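What the coordinates show
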Amino acid sequence: MSANRREVLAGFLAGVLGFTALAPRPGQAAADGPFLGTPKPFSFDDLKDQARRLAASPWQDPRSQFSEILERIDYDAFQKIVFRRDASLFSSRDDAPPVQLFHLGRYFQEPCSIAVVENGQAREIHYRKSYFDMPDDHVARKLPDDIGFAGFRVMAPSQKTDWLAFLGAAYFRSSGALDQYGLSARGVAIDTALPTPEEFPRFTGFWLESGGTPDRIIIYALMDGPSIAGAFRMNCQKDGGVIMDIDASLHPRKPIKRLGVAPLTSMFWYGENDRRQAVEWRPEIHDSDGLAMWTGTGERIWRPLNNPRRVMTNSFLDKDPRGFGLLQRDRNFDHYQDDGVFYDKRPSVWVEPKGGWGEGEVQLVEIPTEDEIHDNIVAYWVPRQPAVPGTPLDFSYRLHWVADEPFSAGLGRAVDTFSGIGGIPGQPRPPGVTKFVVDFEGGDLKRYQRGEIDAVVNLSRGELGLFDAYPLANNPGRFRAFFNVKAEGGEPVDIRLYLRSKAGGDALTETWLYQFFPISSSA
């Protein structure tokens, strides 16, 4: 298509399917082709059947034949391609949020199809350069009209901000309750942290349907990869935070050693729990600071994140888990001092299983990193049931993109974790000893006085010393637990801590878990 041509939507498309009609600019011709394809019947059952058939056939490489052109659309060139607001889906309707489309480029070369669903009929959106503003000599103008899209984002009614984005592989993100993007979710995780390469299936097609209000949309997605195909239905609503009710039907194409369900991917460079990593001027840098779990037996667990010296995978066995998530508990701007990307506003994401997920484990993978640009944290559920061809795996769950955990435990929470040299100030410091300080807040802690609470600490190895808990003088509702750990050798030390009342022995806090790498470790 020539650079001076525009496409114009017919009036019935603007009214029925929510597009705003595009008028030709001065000196430009009108449209020479439709925006939408022929209506075809569509349902989630049909999509699940399509995923099943895909899994029974050989996988096909999705790379575009126009990769040479796409390679030239680097970061700077990509930024010069701007989607036109008046081309947005649903922009003239009050029963769905506007949706803008992402262009392909060097970092997003595998195209996906996107369709609009209306009354059980789907119409594919055909790519046209006229959806995008770009310089007349931009390399993207050499692409054909059937190239497809890289993904899409769901906008606020003003189209000045967005709250949900699908871009790249099977990743998606939300800006959550505080309107700041951070960690990502994925369709599945395959063979994460195994000696074999990790596999990244991708969403190859999307079907978008009105949710009935300007802050709700229903997204259907088809996923495909060398080892698996899958169908997803996501009912998404922005109400303070963002809630996504997800039904996933997974069909292995071949046996999968490690299948991660409802995976979350985040970044943790360093925090207050280990300042030896802090080589930058900012006090802390992380999208998430801990993994929270609510087990099938009702135990609430908080596991602060690490930036380890080597790849570490921790597994937490469970049955019918009530939930887990990667959270950003620390909301104090002064702890980050970042007024550019606002780590204090990064969303927390909680996975709430629907129905019984059976036996399995929550896995936490921590990968060494030396910069904030790399995602190095992954958490997901691994079902005990093997992932093998011919046996579909169905999971339903709710994702909460929020500022805080969505379910109160009525227990004190770990709000700060510190570590440093052990011993007593003013006295000779014992070699190889590390002091830990953990602050708890909330629940019934404010009802207790000094001497009425015990700190219960257990180590997987090493020596424990000087442990106690007391209320802070300037914050009586907060209890501080401290203890010393001495351990030698390169293996990590797993630490378990909670506070209980001395009178009744009842647990007053969640369980704080930590994986400590001794200072003397060369690992």
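Below, the structure is looked at part by part. (Residues numbered from 1 in each chain as written. Predicted model: local features only at pLDDT ≥ 70, side-chain atom pairs only at ≥ 80, totals over all residues. Heavy atoms only, no water.)

Along the chain, the regular secondary structure elements total 4 helices and 33 strands. Taking 2.2 N^0.38 as the reference for a compact globule, 523 residues should give roughly 24 Å; the C-alpha atoms of the chain span a radius of gyration of 26 Å, in line with that estimate. Referenced to the eigenvectors of the C-alpha coordinate spread, the extents of the chain come out at roughly 85 × 50 × 45 Å. Considering the chain as a whole, with its 523 residues, one finds that 53% of them fall into the buried category. Across the chain, every contact between residues at least 6 apart in sequence was considered, and the portion connecting residues at least 24 apart equals 69%. (Helix = DSSP H or I, 4+ residues; strand = E, 2+ residues; numbered from the N terminus. Rg over C-alpha atoms; globule rule 2.2 N^0.38 Å. Buried < 20%, exposed > 50% of the residue type's maximum accessible area, 1.4 Å probe, protein only. Contact = heavy atoms within 4.5 Å.)

The subject of this paragraph is the pairing of strand E12 (residues 202-210). The element E12 is largely enclosed, with a buried count of 7 among its 9 residues. The pairing of strand E4 (residues 113-118) with E12 spans 5 bridges and is parallel. Note that in E12 the partner of Ala115 across the bridge is Trp207. When E12 meets strand E13 (residues 216-224), the two strands line up antiparallel, connected through 8 bridges. Directly across from Trp207, in E13, lies its bridge partner Tyr220. (Pairing = 2+ DSSP bridges.)

Although it is not a glycine, Ala169 sits at a positive phi angle of roughly 50°. For Ala169, the position within the fold is in the loop between strand E8 (162-167) and strand E9 (171-174). Its relative accessible area of 30% is what places Ala169 among the partly exposed residues.

All right, on to helix H2 (residues 44-55) then. The end-to-end C-alpha separation of H2 is 17 Å, in line with the 16 Å expected for 12 residues at 1.5 Å each. Those residues of H2 not exposed but buried are Phe44, Leu47, Ala51 and Ala55. In an axial view of H2, the angular spread of the buried residues amounts to 80°, which keeps them on one side of the axis. Packing partners of the buried residues in H2 comprise E12, E13, strand E14 (228-239) and strand E15 (241-252). (Expected span 1.5 Å × (residues − 1). Arc of directions from axis to C-beta.)

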